[in-house]
Protein chains: 2
Amino acid sequence: MTTAEKHTHNERKELKSLLVLGPPLCFPSFEAQNLHKYHFLKAFSSQLPLQQFLTKLNVDPSSIQALVCSPLRKVSAEVIQLLPSLRIIVTTSVGTDHIDLAECSYRGIQVVSVAECFADDVADMAVGLLIDVMWKISFADRLVRKWGHSMPVNLSSGSKLEGKRVGILGLGKIGGEVAKRLEAFGCRIMYNSRNQKPFVSYPFCSNVVELASKSDILVLSCSLNEQTRHIVNREVLLALGKDGIIINVGRGALIDEKELVRCLIEGKIGGAGLDVFENEPNVPKELFPLDNVVLSPHAAATTPDSFNAVYERQAECLEAFFFK
Amino acid sequence: MTTAEKHTHNERKELKSLLVLGPPLCFPSFEAQNLHKYHFLKAFSSQLPLQQFLTKLNVDPSSIQALVCSPLRKVSAEVIQLLPSLRIIVTTSVGTDHIDLAECSYRGIQVVSVAECFADDVADMAVGLLIDVMWKISFADRLVRKWGHSMPVNLSSGSKLEGKRVGILGLGKIGGEVAKRLEAFGCRIMYNSRNQKPFVSYPFCSNVVELASKSDILVLSCSLNEQTRHIVNREVLLALGKDGIIINVGRGALIDEKELVRCLIEGKIGGAGLDVFENEPNVPKELFPLDNVVLSPHAAATTPDSFNAVYERQAECLEAFFFK
């Protein structure tokens, strides 16, 4: 071992190991700011299975107490079982469906989402998709660019938001921010969630089919789990009806996507604004010719401001875990 | 004259003549509901110049006291001079730049806009265009449809609305509705208008260049007249700056369009959402390859709900003029 290597080795011994799976955008700046605290085990940069990756780095799996991740890579039961000392998982996403929560619960591992800061972004996107679908903005933009010299007139008309009944599925931080924004447009808000919220004045609707039947617009902002997978099925879509619009900024699998595609093609619902899809990165190709859908590539939580805020919270959270 | 013709002739004598130039969408329903009150002189349905049109119908121009119009046809000084008894012009548009207001003023003709109901629509569109530009929604939608099998990832990121400084040029009914909506997103509102408004708490900025330099986003919602034509010139655009976004839901000629195109191409401003253009229906073809613009074919005020509301107000207005 050279002197330089010894030096590095000694320094590393004092650093806390931090396993990083599937980092979100902007991770390098978090890394740069925390090199003095953590020894970053960047599994995302290797094609090797986790065990081989750690062996190659000469890292004892039982030395790892903390793991940070994003939805880009699954934290499966197998991954968790590899790490006998794991005590905390920090995810930079709002959703936690990429983490085996049952295994975490069984083994007493704390799972922390530091993504509250994304709520504003996702709510912006939800409202943007909604106005876009209702006013056919992307559709008209495509037409203007296609027609070239002279803009099209007499497009079928848009539809105003004022007075529209909006059913929000999942009134967490994101759903709340969506509601706040849409109230300013004169929309009437209702919601469904696991339980009725105290201190919330919007009408609660315990049944999703009933919520859809009472809504002009259905916004999905709940987390994905076994209870919510395909919570929007054919029955819910039919209840929303031929003029109804669905906006999904949660997870693709909240909707039975095949049924959604069928209902859109058959005109059983009026339109859809989708930031998420059931089998990302695949987007159902049947949607491409439709003018009443707006397709967004899971882009709702990507602002540098929010990533900075997320990394600040992640840093605080790890600081509290390791050093307080 | 046959009995039927006499009957029609007598009936018409009791009906008030109403000259209709350039009707907006949904006019037929207004006409159908008011056939018992008005003799509709539908100049818009004829290719003839107005004088010949009236001569052909055997209508004495001096019998016409009221005219309804939309921006689709100019009410020029020549048109007004043809109608010596004209006392009221009702337009279904927010803007009045298609009417020669100086001539109306000179001759004491009342000009009424019944388009307040469109304010919500136009404000919806302004916010929709803004989110679309900031989050690149139309751009991403085009990419997703183009790429086909798998959605693009790592698109350059969007930008959240929270905390953005929005300068509103023209804080009338539309500007006020835009402000109300954007406040719910956490934007900070400033404004410029002819005069500072009493009872408005947003900071007032008397100088447009200064407003632009203090704003991340500039929203144009003022009316077009000789004072506001090209109010957004190169100096204002440069003050807005390379990350600044401009939204125009007023009239195209509020902006020096050539300068706007140049600034967008040269990256002197960040992006634009345009519902109006200087020489409609022409859209500058230089904008078509740009990904930081959203192009909308003057589609902000086209909802059936709003047209119904506009026609109700138009009916009330004419009722008051003729019958009260």
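Presented here is an overview of the structure given in this document. Quick caveat, the model's predicted, so the values are computed rather than measured.

Section: the pairing of strand β9 (residues 245-248) of chain A
Residue and element names in this part refer to chain A.
- Across the two faces of β9 the burial is the same, with Ile245 and Ile247 and Ile246 and Asn248 all buried.
- Alignment of strand β8 (residues 217-220) against β9, held across four bridges, turns out to be parallel. Bridge pairing links Leu218 to Ile246 in β9.
- Where β9 meets strand β10 (residues 271-274), four bridges bridge the pair, whose relative direction is parallel. Bridged to Asn248 within β10 is Leu274.
- Read as a crossover between parallel neighbours, the route from β9 over helix α11 (residues 257-265) to β10 is right-handed.

Focus on the relation of the copies chain B and chain A
- Under the fitted operation, chain B is carried onto chain A by 0.0 Å of movement along the axis and a turn of 180 degrees, and the coordinates agree to an RMSD of 0.1 Å. Expressed as an axis order, the relation between the two copies is that of a two-fold axis. For chain B, the residue whose C-alpha comes nearest the rotation axis is Ser138 of chain B, separated from it by 2.4 Å.
- The share of interface residues of chain B whose copies in chain A are also at the interface is 100%, consistent with both copies meeting through the same surface.

Remarks on the sheet that holds strand β5 (residues 110-113) of chain B
Residues and elements named next belong to chain B.
- Pairing is parallel in the open sheet, where five strands are placed in the order β2-β1-β3-β4-β5. Two strands lie at the open edges of the sheet, namely β2 (38-42) and β5, each paired on one side alone. For this sheet, the mean angle separating the axes of adjacent strands, direction not counted, is 25 degrees.
- Across four bridges, the pairing between strand β4 (residues 88-91) and β5 is parallel. Bridge pairing in β5 places Thr91 opposite Ser113.

Description of the pattern of salt bridges
- Counted according to the given criterion, the structure contains 40 salt bridges over all chains.
- Ionic pairing is found between Lys214 of chain A and Glu210 of chain A, a salt bridge with its closest N-O pair at 2.8 Å.
- Accessibility expressed as a relative area gives 37% for Lys214 of chain A, which makes it partly exposed.
- Judged by its relative accessible area of 34%, Glu210 of chain A is partly exposed.
- Across the pair Lys173 of chain B and Glu177 of chain B runs a salt bridge whose closest N-O atoms are separated by 3.5 Å.

Observations concerning the packing of aromatic side chains
- Considering all chains together, one arrives at 27 aromatic pairs over all chains under this definition.
- Considering the side-chain rings of Phe27 of chain B and Phe44 of chain B, the 5.6 Å spacing of their centres and the 80 degrees angle between planes classify their relative orientation as edge-to-face. Of this pair, Phe27 of chain B sits in helix α2 (residues 27-33) while Phe44 of chain B sits in the loop between β2 and α3 (50-57); the two residues are 17 residues apart in sequence, bridging distant segments of the chain.
- Taking relative accessible area as the criterion, Phe44 of chain B reaches 29% and is therefore assigned partly exposed.
- When the centroid spacing of 6.2 Å and the interplanar angle of 45 degrees are considered together, the rings of Tyr38 of chain B and Phe323 of chain B count as tilted. Of this pair, Tyr38 of chain B sits in strand β2 while Phe323 of chain B sits in helix α12 (residues 304-323), placing them 285 residues apart in sequence.
- Linked through ring pairs, Phe27, Phe30, Tyr38, Phe40, Phe44, Phe118, Phe307, Tyr311, Phe321, Phe322 and Phe323 of chain A together constitute an aromatic cluster.

Rules used throughout
Residues numbered from 1 in each chain as written. Chains lettered and ligands numbered in written order. Predicted model: local features only at pLDDT ≥ 70, side-chain atom pairs only at ≥ 80, totals over all residues. Heavy atoms only, no water. Buried < 20%, exposed > 50% of the residue type's maximum accessible area, 1.4 Å probe, protein only. Helix = DSSP H or I, 4+ residues; strand = E, 2+ residues; numbered from the N terminus. Pairing = 2+ DSSP bridges. Right-handed = clockwise from strand over helix to strand, strands pointing away. Least-squares fit on C-alpha atoms with pLDDT ≥ 70 in both. Contact = heavy atoms within 4.5 Å. Axes fitted to C-alpha atoms, helices over the stretch in contact; angles between N-to-C directions. Salt bridge = Lys/Arg side-chain N within 4 Å of Asp/Glu carboxyl O. Phe/Tyr/Trp six-rings, centres within 6.5 Å; stacked < 30°, edge-to-face > 60°.

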